[in-house]
Amino acid sequence: MQNIDKRILSIALPSIVANITVPLLGLVDMAVSGHLGNAVYIGAVAVGSMIFNVVYWVFGFLRMGTSGMTSQALGRRDMNDVATTLARSIVVAMAVAAFIIILQKPLGSVALALVGASAEINTEAWHYFRICVWGAPAMLCLYSLTGWYIGMQNTRLPMFISIMQNVVNIVASCTFVYAFGMKVEGIALGTLVAQYAGLLVSITLWATTYGKRILRHVQWQRIMEGTAMRRFFSVNRDIFLRTLCLVAVNFYFLSAGAAQGAVVLAVNTLLMQLFTLYSYVMDGFAFAGEALCGKHYGAGNHVEFSRTVRRLFGWGFALTVAYTMVYAVGGTGFLRLLTDDIEVVAASAEYAPWAVLIPICGLAAFIWDGVFIGTTNTRGMFAATAAAMLVFFGVYLSLRSEWQNHALWLAFLTFLLTRGAVQSCIYWRNGK
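Position labels on residues start from 1 in each chain and follow its written sequence. Whole-chain, interface and lining totals are the exception, using all residues; otherwise, since this is a predicted model, local features are given only for residues with pLDDT of at least 70 and side-chain atom pairs are given and counted only at 80 or more. Heavy atoms from the whole structure form the basis of all side-chain values; hydrogens and water molecules are not counted.

Going along the chain from the N terminus, every DSSP run of H or I of four or more residues is numbered as a helix, and every run of E of two or more is numbered as a strand. Along the chain, the position of A346 falls in helix α14 (residues 342–356). Remark: exposure states derive from per-residue accessible area (1.4 Å probe, protein chains only) relative to the maximum for the residue type, with buried under 20%, exposed over 50%, and partly exposed in between. Classification of A346 as exposed rests on a relative accessible area of 52%.

The following block contains the structure:
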């Protein structure tokens with residue numbers, strides 16, 4: 001068991017560090033825009049960042065699908081497939097990026113219209129969008145490379161790249177804004193520079209760490225091979241559809257809270273930070289599940305596969321208990337660190353008990369996601385998320401008139417529980 005725990009932690013811990021650095025990119029942009037002297041700039045950067053977060057989240061299948069297929073190929077010791085999977089993923093990433101860049105004007109116009117911000121904010125947000133959209137090739141190729149690194153049981157390189165990106169973003173954004181007198185355009189350029197710096201470093205590290213040893217195994221004629229491409233898109237199609245379900249639930253949660261007034265919206269936003277903090281850690285163990293379970297599954301080692309699943313749940317349960325205790329005791333204190341608005345803090349006390357239940361409700365969903373990605377059982381992931389989405393809307397719409405925001409939180413927790421429960425049934429039904 002010690003060896004299994006050691007392997008799990010060697011993958012999970014660097015992933016957790018990398019996850020924690022992710023919001024810093026947005027935080028730096030917010031901090032710089034907040035000192036430009038006009039609230040319009042803050043709103044523009046917030047809107048622009050949100051649009052790209054959603055776009056890149058939707059195409060997150062490039063990371064997840066690549067991770068599962070790579071780890072399985074590694075387990076089979078099929079280095080040709082290991083190398084060719086990366087090449088195929090990058091080809092698809094570049095094709096998607098080209099699609100985004102070519103259609104940037106209609107995509108940007110539709111996105112800004114859906115957000116519904118003021119004309120002044122939309123004007124500045126468009127300046128941000130038209131610069132950052134050129135970062136699509138870098139970001140999507142980074143998704144492919146990151147997924148491949150995870151599949152190769154190496155999360156230290158993605159951690160280093162993520163930290164480096166944040167440093168470059170801070171330096172570049174501050175330089176463009178304060179040294180060259182730029183405003184939203186400077187923040188966007190800083191983000192763009194950081195994205196390509198991350199890609200350059202990732203390619204350099206790949207070349208020095210794997211280089212010719214992997215490159216010589218790429219079967220260039222198989223990259224666009226029909227059977228392989230159909231499997232690639234079959235796996236990633238299900239991840240894509242699952243992501244749309246997640247986007248629908250998260251967007252509706254936000255809009256339903258906003259419809260109940262500014263105070264409820266603020267309370268929900270703050271309490272969801274507790275979910276975000278929990279997800280940073282649990283995603284690290286999900287990544288460990290992708291890498292290790294995928295490798296054992298590919299090798300046909302069912303004993304080690306089952307042991308790894310049990311240990312992942314063991315770590316997940318321990319962390320869930322710790323998070324629940326911390327949230328129960330110090331959740332309100334944490335909210336006071338985020339805001340000094342007396343009305344919001346007071347209103348949050350009514351809904352805080354729901355947030356305390358987030359860890360226990362989300363435990364199975366996070367762990368199973370890693371296991372299912374590793375085994376490329378993406379159809380099961382999609383089915384579980386789609387079923388949970390229907391439950392979410394059913395619970396909220398049937399109770400909202402009486403329970404209002406309590407109904408929204410009950411629906412969200414039920415959504416998390418249902419995902420985990422359905423995936424558990426699929427796992428045991430398949431005998432894995």
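Bringing unusual backbone geometry into the picture now. Note on backbone geometry: most residues besides glycine have negative phi, and most peptide bonds are trans. Even without being a glycine, R77 presents a positive backbone phi close to 60 degrees. Checked against the element boundaries, R77 lands in the loop between α3 (61–75) and α4 (79–102). The class for R77 is exposed, based on a relative accessible area of 75%. Positive phi is not limited to glycine here, since Q153 has a value of about 70 degrees. Checked against the element boundaries, Q153 lands in the loop between α7 (136–151) and α8 (156–179).

In this scheme Phe, Tyr and Trp rings, the latter by its six-membered ring, pair at centre separations within 6.5 Å, and the angle between planes marks the pair as stacked below 30 degrees, edge-to-face above 60, and tilted otherwise. Under the defined criterion, the tally for this structure stands at 34 aromatic pairs. Between F253 and W409, the aromatic rings sit 5.2 Å apart at their centres with planes inclined by 85 degrees, giving edge-to-face as the arrangement. Here F253 is found in helix α11 (residues 226–258), whereas its partner W409 is found in helix α17 (residues 405–429), with 156 residues between them in sequence. In terms of burial, F253 and W409 fall into one category: buried. Aromatic pair W409 and F412: ring centres 6.2 Å apart, planes at 85 degrees, arrangement edge-to-face. Of this pair, W409 and F412 both sit in helix α17, three residues apart, which is roughly one turn of that helix.

Before going further, it helps to spend a moment on the layout of surface pockets. The calculated volume of the second largest pocket comes to roughly 210 Å³. Surrounding the second largest pocket, 13 residues form its lining, L86, I90, L145, W206 and L215 being those nearest its centre. Elements with a contribution of two residues or more to the lining of the second largest pocket: α4, α7, α9 (184–209) and α10 (211–215). Note that Gly is not counted as nonpolar here; it falls among the polar residues with everything else outside the nonpolar set of Ala, Val, Leu, Ile, Met, Phe, Trp, Tyr, Cys and Pro and the charged set of Asp, Glu, Lys and Arg. Across the lining of the second largest pocket, the residue classes break down as 13 nonpolar, no polar and no charged. With a 1 Å grid spanning the protein atoms alone, the term cavity applies to any set of points in which a 1.4 Å probe fits but cannot get out, the term pocket to an open set with protein on both sides within 12 Å along at least five of seven lines, and the term lining residue to any residue with an atom within 4 Å of a point. Grid points are joined across faces, edges and corners, and a volume is the space filled by probe spheres set on the points.

Moving on, we come to a nonpolar patch on the surface. Residues enter patches when their relative accessible area tops 30% and they take part in no salt bridge; the joining distance is 9 Å for like charges and 5 Å for the nonpolar side chains Val, Leu, Ile, Met, Phe, Trp and Tyr. Note on areas: Shrake-Rupley with a 1.4 Å probe; residue coverage comes only from the protein chains shown. In the sections that follow, a salt bridge refers to a side-chain nitrogen of Lys or Arg positioned within 4 Å of a carboxyl oxygen of Asp or Glu. On the surface, V17, I163, V167, I170 and V171 cluster together to form a nonpolar patch covering roughly 380 Å² of accessible area. No other element matches α8, which puts four residues into the nonpolar patch. Assignment of secondary structure puts V167 in helix α8.

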